[in-house]
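Next come the chains, spelled out residue by residue.
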Amino acid sequence: MKKLCTLIMGVGMLLSGFVQAADAPAEMPVLRIGARVFTEQTMLAELTAQYLRDKGYQVQITGGLGSNLARSAQESGQLDLLWEYTGVSLVAYNHVDEKLDSEQTYQRVKELDAKKGLVWLSPSKFNNTYALALPDKIAQQYPQVNNMSDLTTVLKAEADKGHIVALDTEFANRSDGLVGMVKHYGMNLGRENTRQMDAGLVYTALRNGQVFAGLVYTTDGRLNAFKLKVLADDKHYFPDYTAAPVIRKEYLDKHPQLADLLKPLAALLDNQTMRTLNARIDVDHESPTVVAAEFLREHPINPSADSVPVPPAPAAKQEEKP
């Protein structure tokens, strides 16, 4: 009788295990997010990852990537999602030099990248374009320098003074970067009066007055913190750089709810919001993980019920043969 009870209990536990396995939700496939090698990209990847993990996705971030490497990885299927900038795709990846406004740029890259299996989702409200800026001390010494044409005039007139312009390495080597800017404005910038460095070091050099001017980003939190004077792009050289999540079509086809999930997140992000988030990392030295978590707590996003991913039902377990 004791053996019979033990057998019944064993069968019950086995059947209970089958029931639990059948009830357990299937895991969502990993969403691989890429981030390029600057603060804003780290912030965007972290925001997206935490937001989607809360919705049931498994997310993996690969950071510290150059633009070309990140793009190649996405096109080859090694990455699923990137936060991309319209101007980068237009000029650097699709080699379009036509001057377009913000909406025209978005529509053009959406059309061109679709041919490569990439889908541009709803864009954010911020445009992180380039600009040249002066340190506070230089701005006071040269109050007549208010735009990039003014800067060009001074660089030519005082060529013998060896004024140095700091540029981040990526911009200095991109087709829509230094070479195009020099040609567009007629600047006398070359190896002797430019210095290539990490983007973060450009801001350090500006703050410390080690350079005459430097390349900055218009959503960077250090602009106000370091009292930098941003020069107007009076000849409209820099393209629109509105940011948006770009995802592989193959992944989106399997998880179409992602488009609706990411739309309200993108809508929260405007220029001032990004400056604030970036400043917390670059100026206040907070962790991107902490900053992202606090932002999402302060700005709860409630997409429609139809947007929440529903894991696929597990396949029926086949009965084992005796």
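Before reading on, note that the structure itself is shown above.
One structure accompanies this document, and this report is about it.

Cut-offs applied
Residues numbered from 1 in each chain as written. Predicted model: local features only at pLDDT ≥ 70, side-chain atom pairs only at ≥ 80, totals over all residues. Heavy atoms only, no water. Buried < 20%, exposed > 50% of the residue type's maximum accessible area, 1.4 Å probe, protein only. Helix = DSSP H or I, 4+ residues; strand = E, 2+ residues; numbered from the N terminus. Arc of directions from axis to C-beta. Polar contact = N/O pair within 3.5 Å; in protein donor to acceptor, adjacent residues only side chain to side chain. Contact = heavy atoms within 4.5 Å. Pairing = 2+ DSSP bridges. Axes fitted to C-alpha atoms, helices over the stretch in contact; angles between N-to-C directions. Left-handed = near helix turned anticlockwise from the far one by under 90°. Nonpolar A, V, L, I, M, F, W, Y, C, P; charged D, E, K, R; others polar.

**Structural notes on helix 3 (residues 67-75)**
Next, step 1: Buried residues of helix 3: Ser 67, Ala 70, Arg 71, Ala 73 and Gln 74, and no others. Looking straight down helix 3, one finds its buried side chains confined to an arc of 160°; they lie on one side. The outward face of helix 3, more than 90 degrees from its buried face, is lined by the exposed residues Asn 68 and Leu 69.
Next, step 2: Of the residues trailing helix 3, Gly 77 is marked for its positive phi of about 85°.

**Focus on the side chain of Asp 168**
Next, step 1: One can find Asp 168 in strand 6 (residues 165-168).
Next, step 2: Judged by its relative accessible area of 4%, Asp 168 falls in the buried class.
Next, step 3: In terms of polar contacts, Asp 168 uses its side chain to reach the side chain of Tyr 217, at 2.3 Å.
Next, step 4: Dropping the residues within four chain positions of it, Asp 168 is found in contact with Met 197, Asp 198, Ala 199, Val 202, Leu 215 and Tyr 217.

**Focus on the sheet that holds strand 5 (residues 130-134)**
Next, step 1: Here five strands make up an open sheet; going across it, the order is 7-6-8-5-9 and the pairing mixed. Edge positions in the sheet fall to strand 7 (194-197) and strand 9 (229-230), since each has one partner strand and no second.
Next, step 2: Judged from the four bridges that link them, strand 5 and strand 8 (residues 213-217) form a sheet pairing that is antiparallel. Counterpart to Tyr 130 in the pairing with strand 8 is Tyr 217.

**Examining the sheet that holds strand 3 (residues 81-85)**
Next, step 1: As summarised here, the arrangement of the five strands in space is 2-1-3-10-4, forming an open sheet in which the pairing is mixed. Looking at which strands have only one partner, the edges of the open sheet turn out to be strand 2 (58-65) and strand 4 (118-120). Taken pair by pair, the neighbouring strands of this sheet meet at an average axis angle of 30°, ignoring direction.
Next, step 2: Pairing of strand 4 with strand 10 (residues 243-248) involves three bridges; the strand directions are antiparallel. Across the sheet, residue Leu 118 finds its bridge partner in strand 10, namely Arg 248.

**Details of the packing of helix 14 (residues 271-282) against helix 15 (residues 288-298)**
Next, step 1: Between helix 14 and helix 15, whose axes approach to 9 Å, the crossing angle comes to 145°. As for the relative orientation of helix 14 and helix 15, their crossing is right-handed in sense. Contacts between helix 14 and helix 15 pair Thr 273, Leu 277, Arg 280 and Ile 281 from the former with Pro 288, Val 291, Glu 294 and Phe 295 from the latter.
Next, step 2: Split into classes, the residues belonging to the contact of helix 14 with helix 15 amount to five nonpolar, one polar and two charged.

**Looking at the environment of Asp 260**
Next, step 1: Here Asp 260 is to be found in helix 13 (residues 257-267).
Next, step 2: Among the residues examined, Asp 260 registers a relative accessible area of 44% and is labelled partly exposed.

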